[in-house]
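# Geometric and topological summary
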Amino acid sequence: MYSEKIIVGKGTEFPLDGLLTLPDGTKGPVPAVVMVHGSGSSNMDEKVMKLTPFRDLAEGLARHGIASIRYDKRSFVHAKKMLKQIITVKEETIDDAVLAINILKSDPRIDAERIFILGHSMGAMLAPRIDSEGGNVRGLILMAGSPYRLEDIMVRQFGQAKGSKSYMKLAAIIEDKVFTKKIDSLYEMSDEEAKSKKFAGGTTLYYFKEMGQKTAADYLLQSEKPVLIMQGGRDFQVLADEDYQKFKELLAERSNTFYKLYPQLNHVFVDAIYDDIGKAAKEYSTERRIGEEVITDITSFIGAFGSDL
């Protein structure tokens, strides 16, 4: 396994450092994945305190003959520039993912017919849209994604935190009241009104409205691409008995849809310690690595859908 430095968006206003990780001895074309971050600002490893899920995945997949691209998220590198704009997930995530996919498609060491999007958390929610809006990949891997709208997930998480015994409880009560009031009648607002109202920092309500027009499930139901939906059973951010089960319900008639539940893993697909969203900081402050079972399942999925299918 070895990695090469790349720049996603080279020559644009928002260049992003990244790594192309390749299996040892790569000569002929190999399959590859592009990794798409969850919400918030993240570096190319999608580092969450002591956890580095994208690095774990890149190294693990390379051992199995699969290349990958991971890169710093635009909001991680260019936050000040972005504050001057009214952004949506298109500017924040989708455009850069498409650019990264095109880097792979132009590399002769990569099989351009066997490129997959691997999205985590909100990245999983956006992966079907990325494919639809220029990605045009072979298949999708959704890790801890949701078929619900982003604002609905946030309201639910505030509710979870209110039931916690942690310091987050009071903040969650306040945030829940403020946020719920702000998004009331969100989809009845004009775009201009939604753009004029802010939720936090530079994020406007239009960010939620624009993303919520079509959910991940809506996009998947319009596609026949193979999809692997993966979920940690002890994930307290995206829930196995709600989000994962809802995917199964909504996509019941869809072909090429595969599911894998890991009962003891958390949102970052490492062994869970706590089962309380109020203890998220403690959950992610103990160093762990994504295990071989997860890597093997992704490898098997990619291997099952070759370019000749």
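Our structure is the block above this text.
Before going into details, it helps to say that this report is about the structure given with it. (Residues numbered from 1 in each chain as written. Predicted model: local features only at pLDDT ≥ 70, side-chain atom pairs only at ≥ 80, totals over all residues. Heavy atoms only, no water.)

Right, let's get into unusual backbone geometry. Phi angles above zero are rare outside glycine, and Glu-46 is one such case at about 55 degrees. Since its relative accessible area comes to 4%, Glu-46 is described here as buried. Positive phi, close to 55 degrees, is recorded for Asn-256, a residue that is not glycine. In this structure, Asn-256 sits in the loop between helix H11 (240-250) and strand E10 (257-262). Asn-256 gets classed as partly exposed once you look at its relative accessible area, which sits at 31%. (Buried < 20%, exposed > 50% of the residue type's maximum accessible area, 1.4 Å probe, protein only. Helix = DSSP H or I, 4+ residues; strand = E, 2+ residues; numbered from the N terminus.)

Taken across its five residues, strand E6 (residues 139-143) has five buried, putting it largely inside the fold. When strand E5 (residues 110-120) meets E6, the two strands line up parallel, connected through five bridges. Directly across from Leu-118, in E6, lies its bridge partner Ile-141. Handedness of the E5-helix H5 (residues 122-135)-E6 crossover: right-handed. Relative to strand E9 (residues 227-232), E6 runs parallel, the two being bridged by four bridges. Across the sheet, the residue bridging to Leu-140 is Val-227, located in E9. (Pairing = 2+ DSSP bridges. Right-handed = clockwise from strand over helix to strand, strands pointing away.)

What follows is about the nonpolar core. Formed by 57 residues in total, the largest nonpolar core has its most connected members in Ile-130 and Leu-142. At seven residues, helix H4 (residues 89-105) tops the list of elements feeding residues into this core. Residues in contact with Leu-142, not counting those within four places in the same chain, are Gly-119, Ala-124, Ala-127, Pro-128, Leu-220, Val-227, Leu-228, Ile-229, Met-230 and Phe-247. In terms of nonpolar packing, the next biggest core, distinct from the first, is built from 32 residues, Leu-51, Leu-57, Phe-236 and Ile-277 among them. (Core = buried A, V, L, I, M, F, W, Y, C linked by side-chain atoms within 4.5 Å. Contact = heavy atoms within 4.5 Å.)

A pair of packed helices is captured by two measures, namely the crossing angle of their axes and the spacing between those axes. The N-to-C vectors of H5 and helix H9 (residues 205-212) enclose an angle of 50 degrees; their axes lie 12 Å apart at closest approach. Classified by the angle their axes make, H5 and H9 are oblique. Where H5 approaches H9, its residues Met-122, Met-125, Leu-126 and Arg-129 are matched on the opposing element by Tyr-207, Glu-210 and Met-211. Of the residues assigned to the contact of H5 with H9, the class counts are five nonpolar, no polar and two charged. (Axes fitted to C-alpha atoms, helices over the stretch in contact; angles between N-to-C directions. Parallel < 35°, antiparallel > 145°, perpendicular 65-115°, else oblique. Nonpolar A, V, L, I, M, F, W, Y, C, P; charged D, E, K, R; others polar.)

What follows covers the environment of Lys-5. Note that Lys-5 resides in strand E1 (residues 2-8). Assessed through its relative accessible area of 79%, Lys-5 is described here as exposed. Taking the C-alpha atoms as reference points, Lys-5 and Leu-61, 56 residues apart in sequence, are found 18 Å from one another. Leaving out residues up to four positions away in the same chain, Lys-5 has contacts with Gly-18 and Leu-19.

To continue, consider the pattern of salt bridges. One pass over the structure, following the stated rule, counts 21 salt bridges. Ionic pairing is found between Glu-92 and Lys-73, a salt bridge with its closest N-O pair at 3.9 Å. Note that Glu-92 is positioned in helix H4 and Lys-73 in the loop between strand E4 (67-71) and helix H2 (74-77), a separation of 19 residues in sequence. Linked through salt bridges whose partners overlap, the residues forming this network are Glu-4, Asp-107 and Arg-109. (Salt bridge = Lys/Arg side-chain N within 4 Å of Asp/Glu carboxyl O.)

Two elements in contact, helix H1 (residues 53-63) and helix H13 (residues 292-304), have axes separated by 10 Å at closest approach and are oriented at 60 degrees. By the angle between their axes, H1 is oblique relative to H13. Regarding H1 and H13, the two cross each other, and that crossing is right-handed. Residue-level contacts link Asp-56, Leu-57, Gly-60, Leu-61 and Arg-63 of H1 to Glu-292, Ile-295, Ile-298 and Thr-299 of H13. (Left-handed = near helix turned anticlockwise from the far one by under 90°.)

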